[in-house]
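Here is what each chain is made of, one letter per residue.
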Amino acid sequence: MAIYLDNNATTALNQQVLDVMLPFMRRVCGNPSSLHRFGRLQRDAIEQAREQVAKLAGAQADQVIFTSGGTESNNLILRGLSACAGRVQKKKPVKRIAVSTIEHMSVLKPAQALFDKVDYIAVDAQGYVNQQNLEQVLDTDTGLVSVMTANNETGVIQSLVPLIHCCRQRGILFHTDATQAAGKIALNFIADGIHAMTLSAHKIYGPAGVGALIVDQTVPLNAIQFGGSQEKSQRAGTENVAAIAGFGKAAEMASEGLLQRQTHTRQLCILLEQGLKKIPAVTIFAEQADRLPNTVQFAVAGFEGESLLMQLDRKAIAVSSGSACSSGKTQPSHVLQAMHIPDDIALAAIRVSFGENNTVAEVETLLNVLHEIINANRRSPVMMAASL
Amino acid sequence: MSKQISQAIDNQAANSQISDRPIYMDYSATTPIDERVVTEMLKYMGPASTFGNPASRSHSYGWEAEAAVEQARKNIADLVGANPKEIIFTSGATESDNLAIKGSAHFNQKRGKHIITSKTEHKAVLDSCRQLEREGFEVTYLDPMENGLIDLDVFSNAIREDTILASVMHVNNEIGVIQDIAAIGNICRENKIVFHVDAAQSAGKIEIDLANLPVDLMSFSGHKIYGPKGIGALYVQRKPRVRIEAQMHGGGQERGMRSGTLATHQIVGMGEAFRIARQEMKAENERLLELRNKLWNGVKDMEEVYVNGDLNQRVAGNINISFNFVEGESLLMALKDLAVSSGSACTSASLEPSYVLRALGRNDELAHSSIRFTLGRYTTEDEVDRAIKHLRSAVEKLRQLSPLWDMYKAGIDLDSIEWAAH
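The model shown is predicted, which means the values in this text are computed figures rather than measured ones. (Residues numbered from 1 in each chain as written. Chains lettered and ligands numbered in written order. Predicted model: local features only at pLDDT ≥ 70, side-chain atom pairs only at ≥ 80, totals over all residues. Heavy atoms only, no water.)

Enquirer: Just checking my understanding: could you explain the packing of helix 1 (residues 15-26) of chain A against helix 8 (residues 241-256) of chain A for this structure?
Expert: Axis angle and axis distance: for two packed helices, these are the angle between their axes and the distance between the axes, and together they describe the pair. Residue and element names in this part refer to chain A. Their axes nearest at 8 Å, the elements helix 1 and helix 8 cross at an angle of 160 degrees. When the axis of helix 1 is compared with that of helix 8, the two are roughly antiparallel. Seen from above, helix 1 lies across helix 8 with right-handed handedness. The residues of helix 8 that touch helix 1, namely those facing Gln16, Val17, Val20, Met21, Phe24 and Met25, are Val241, Ala242, Ala243, Ala245, Gly246, Lys249, Ala250 and Met253. A breakdown of the residues in the contact of helix 1 with helix 8 according to their chemical character gives 11 nonpolar, 2 polar and 1 charged. (Axes fitted to C-alpha atoms, helices over the stretch in contact; angles between N-to-C directions. Helix = DSSP H or I, 4+ residues; strand = E, 2+ residues; numbered from the N terminus. Parallel < 35°, antiparallel > 145°, perpendicular 65-115°, else oblique. Left-handed = near helix turned anticlockwise from the far one by under 90°. Contact = heavy atoms within 4.5 Å. Nonpolar A, V, L, I, M, F, W, Y, C, P; charged D, E, K, R; others polar.)

Right, dumping it as structure tokens:
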């Protein structure tokens, strides 16, 4: 049986979530916009899921817009405020935006494509954005700031409250991509005063192909997809009912099982890090930072990350170097570069991300296999040369 | 799941075993997922499945998911005569239409800012065009002929120097008429206009051979063809290469044209649905045509009953009928045991008369009294028989209550009456 340690890329659909989805795939047919009884049943399921997702985010149900996933949610908030959106609302478009240098590509790319000016908020060596860094880049015409709740590669958790405070004082909107944080740490959309938050289902044992944007009613958001009045006209398109119902269930389970999941995966992280420290020349990234209780990113000096990944795969262990979306490229991670990690170490990065199904035995297997590979290669003259 | 909802689902499932369940004749709104499709999807759902992220390149979980996605891409391409590399996955036909129209218009805006479409398009096309108007584009909305088809001369006459894009649906969602997209496409080619076709309602219902059709962009849906909701595709021709501007940016999936994690189970489901359609389309069409004709023959002898849209150049499963002097919404309510619609599902929350029927020149009365029946894979002859019975009795009952019907029967020309304002 293979060992899956890439839960930040995607998670296995939970059986109970699948059970909730199946009736909508199998027995219940209907378009939620249809007025007949087939349609009404679908509408009820969507509204229930909206409550469940809202609860996970610490928000209200009427603040939830369902989308096709995290990428669409990030694009919706950025494009929906930019000059590229249709102006249904009277408010002026945002022309200048500030984002942290460690954001996911689905924030960085639309920021570059849609705004006149993008300012980048630096992070320190531990991957933290601090208030000072933020204040330095904010200008009078900055309209939106986007800083992720937790990073997908390093797992570093930002302390958002001072950043939000700083934006609110200046009347600037604050968005956070909580795709990786959801289900791993508590989210407080309303209590923290966040204007918009991105969530994805397939990172919390829900189905791929569904996500949400949580938006405060004061945000003058414009639609980016047109052709029907679904989601209060903010997101046209027939709702993916089975997936939305599954997202709801996954969110409910994430809320209720949060502590248990945290305890379980944190224990695995601690065990892994203890083992890694016995290997010479290992770096654990952002080791001093507050990190997600499931993510450990590290490097073994002298071992090119991609080749180590392949060797682990041959031993039936699935890990990654960082973001799945950019897997396959051999450029150093932009996140590690932003933390001023030298390129040769960054290229050696391996990310282990645990999930609820992983076990202590699997961590031990990983450590043993790592030892084997490293010892074998360190004996070979080529690797010796590489590690010098 | 709340007790109420699961109870309702169980009730509905139980009902489906007995003969008085509501008869589903709204296959153009959405179709049930074919059980064979569900079986394929389940291989990619759940803890024991192949659940990797297709973009994960460092392990076999990712590779297996990617292989499944590529097989589905091939299945979809095969049904419509395309190359798999020409198929881009989206979250549905609405996104495909948005991406095709806005993406193409934005990419080509330096060449011109004029777009041609028709008044009977789906909202996803019309609203994308309205958005482009807000951005400074000009759009010509063509009136169709009375039978719902576009007059080729009218189309040609609408072309201007600065026309960059035309969007015409293959099959209309309300009246089921089939446009001559080959002829319209040829006119577009002659005039170097990018041609987009919304094929959400035609894929799997009529032959599509993109290798020989002059079409640059074509939208597809999963849930209109017995596949899952939340998945669609856009055909983007490669030779010569058609360029569009991405509407969603991020990880660069789908060759940069559409970022976002690919939903493997959804894509596999859509692929299987297209594979089945390719195998069964011919036999299914013959069966549906018979049922459709039976339905129409069962009501056409009633007084003041009209078919909307051309009866011959039309997909097999669709019939759209106006029952004059009967209000459509009342008829829908009276037909509680029949799941049908008075138009498109996307606009059914509004009580406005169908804009499609208005565009055909139907007056408000007839547009208001229309019902769309769309039959599909699981429609039975017995259901058609029962539908005819329900329908005849409901129409007769409602007409008995209608003062307009009395006046009509008394021989009063309703158009000559001057209604008093009040």
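Enquirer: What should I look at first to understand the packing of aromatic side chains in this one?
Expert: Both the distance between ring centres and the angle between the ring planes are used here to describe each pair of aromatic rings. Residues and elements named next belong to chain B. Per the stated rule, a full pass over the model turns up 11 aromatic pairs over all chains. Consider the rings of tyrosine 226 and tyrosine 378, whose centres lie 5.9 Å apart with planes at 90 degrees: the pair is edge-to-face. Here tyrosine 226, found in the loop between strand 7 (217-221) and strand 8 (232-236), pairs with tyrosine 378, found in the loop between strand 12 (370-374) and helix 12 (381-400); they are 152 residues apart in sequence, far enough to count as distant. For tyrosine 226, a relative accessible area of 7% gives the class buried. The exposure class of tyrosine 378 is partly exposed, given its relative accessible area of 34%. Members of the aromatic cluster, connected to one another through ring pairs, are Tyr24, Tyr27, Tyr226 and Tyr378. A cation sits over an aromatic face here: lysine 113 above phenylalanine 137, 4.9 Å from the ring centre. Across the ring face of tyrosine 226, the terminal group of arginine 377 is positioned such that the distance to the ring centre comes to 3.9 Å. (Phe/Tyr/Trp six-rings, centres within 6.5 Å; stacked < 30°, edge-to-face > 60°. Buried < 20%, exposed > 50% of the residue type's maximum accessible area, 1.4 Å probe, protein only. Lys NZ or Arg CZ within 6 Å of the ring centre and 35° of its normal.)

Enquirer: Before we go on, may I ask you to explain unusual backbone geometry in this structure?
Expert: Of all residues except glycine, most have a negative phi; of all peptide bonds, most are trans. At the junction of Lys239(B) and Pro240(B), the peptide bond is cis and its omega measures out at -10 degrees in the coordinates. Note that Pro240(B) resides in the loop between strand 8 and helix 8 (264-299). The phi angle at His340(A) is positive, at roughly 60 degrees, despite the residue not being glycine. Its place among the elements puts His340(A) in the loop between helix 11 (334-338) and helix 12 (343-346). For His340(A), a relative accessible area of 67% puts it in the exposed group. For Arg255(B), which is not a glycine, the phi torsion comes out positive at approximately 50 degrees. Within the secondary structure layout, Arg255(B) lies in the loop between strand 8 and helix 8. The exposure class of Arg255(B) is partly exposed, given its relative accessible area of 48%.

Enquirer: Explain the environment of Ser369(B) here, please?
Expert: Residues and elements named next belong to chain B. Positionally, serine 369 belongs in the loop between helix 11 (364-368) and strand 12. For serine 369, a relative accessible area of 0% translates into the label buried. With 16 residues separating them along the chain, serine 369 and proline 353 place their C-alpha atoms 8.6 Å apart. Excluding its chain neighbours within four sequence positions, the residues that come into contact with serine 369 are Ile321, Ser322, Phe323, Asn324, Val326 and Gly328.

Enquirer: Explain the confidence of the model for chain A to me, please; I cannot follow it from the model alone.
Expert: Parts of the prediction with low pLDDT should not have their coordinates interpreted in detail. Counting all residues, the mean pLDDT for chain A is 92, and 93% of those residues have values of 70 or more. Low confidence marks residues 381-388 of chain A, where pLDDT is under 50. Its contacts with residues over four positions away, or in another chain, come to 7 contacts. (pLDDT = per-residue confidence, 0-100.)

Enquirer: Which parts of the structure should I look at to understand the sheet that holds strand 7 (residues 196-200) of chain A?
Expert: Across a sheet, paired strands are connected by hydrogen bonds in the backbone, their directions being either parallel or antiparallel. All names here are of chain A. Judged by pairing direction, the sheet is mixed, and its 7 strands sit side by side in the order 2-8-7-6-5-3-4 without closing on themselves. Strand pairing shows two members of the sheet lacking a second neighbour, strand 2 (64-67) and strand 4 (117-121), which therefore form its edges. Going from strand to strand, the sheet's axes swing by 20 degrees on average, the running direction of each strand aside. Strand direction decides the pairing type here: strand 3 (residues 96-100) and strand 5 (residues 142-146), joined by 4 bridges, are parallel. Residue pairing in the sheet places alanine 98 in a bridge with valine 145 of strand 5. Taken strand by strand, helix 3 (residues 70-81) contacts strand 2, strand 3, strand 5, strand 6 (173-177), strand 7 and strand 8 (211-215), and its axis lies near 160 degrees from that of strand 7. (Pairing = 2+ DSSP bridges.)

Enquirer: Sorry if this is basic, but what is going on with the interface of chain A and chain B here?
Expert: When the parts come together, some accessible area is lost, and that loss is often what is quoted as the size of the interface. Taken residue by residue, the interface counts 79 residues in chain A and 74 residues in chain B. Here chain A meets chain B over a buried area of about 6,000 Å², counting both sides, of which 60% is carbon and sulfur. Taken as a group, Met25(A), Phe38(A) and Phe226(A) account for 11% of the area that chain A buries against chain B, more than any other trio of residues on that side. Our enumeration of links across chain A and chain B arrives at 1 salt bridge. (Buried area = accessible area lost by both parts, 1.4 Å probe. Salt bridge = Lys/Arg side-chain N within 4 Å of Asp/Glu carboxyl O.)

Enquirer: In this structure, what is going on with the nonpolar core? I would like to understand it.
Expert: Soluble globular proteins tend to pack their nonpolar side chains together in the buried interior. If you look at the biggest cluster of nonpolar residues, it comprises 85 residues, and the most contacted ones within it are Val145(A), Leu199(A) and Ile214(A). When residues in this core are grouped by element, the largest group, 10 residues, is from helix 8 of chain A. Residue contributions to this core reach at least three from each of two domains, namely domain 1 (15-256) and domain 2 (258-387) of chain A. Dropping the residues within four chain positions of it, Ile214(A) is found in contact with Val53(A), Ala57(A), Ala59(A), Gln63(A), Val64(A), Phe189(A), His195(A), Ala196(A), Met197(A) and Leu199(A). Counting 41 residues, the second-largest nonpolar core is a separate cluster that includes Ile76(B), Ile187(B), Ala199(B) and Ile225(B). (Core = buried A, V, L, I, M, F, W, Y, C linked by side-chain atoms within 4.5 Å. Domains from an automatic or database assignment.)

Enquirer: I tried to follow the sheet that holds strand 10 (residues 295-300) of chain A on my own but got confused; where do I start?
Expert: Residues and elements named next belong to chain A. Within the open sheet, the 3 strands sit side by side as 9-10-12. Their pairing is antiparallel. One side of each edge strand has no neighbouring strand; the edge strands of this open sheet are strand 9 (282-284) and strand 12 (349-353). In this sheet, neighbouring strand axes are inclined to one another by 25 degrees on average, regardless of whether the strands run parallel or antiparallel. One ladder, built from 3 bridges, connects strand 9 with strand 10; its direction is antiparallel. What sits directly across from isoleucine 284, in strand 10, is phenylalanine 298. Along the sheet face, helix 9 (residues 258-276) touches strand 9, strand 10 and strand 12 and points at about 10 degrees away from the line of strand 10.

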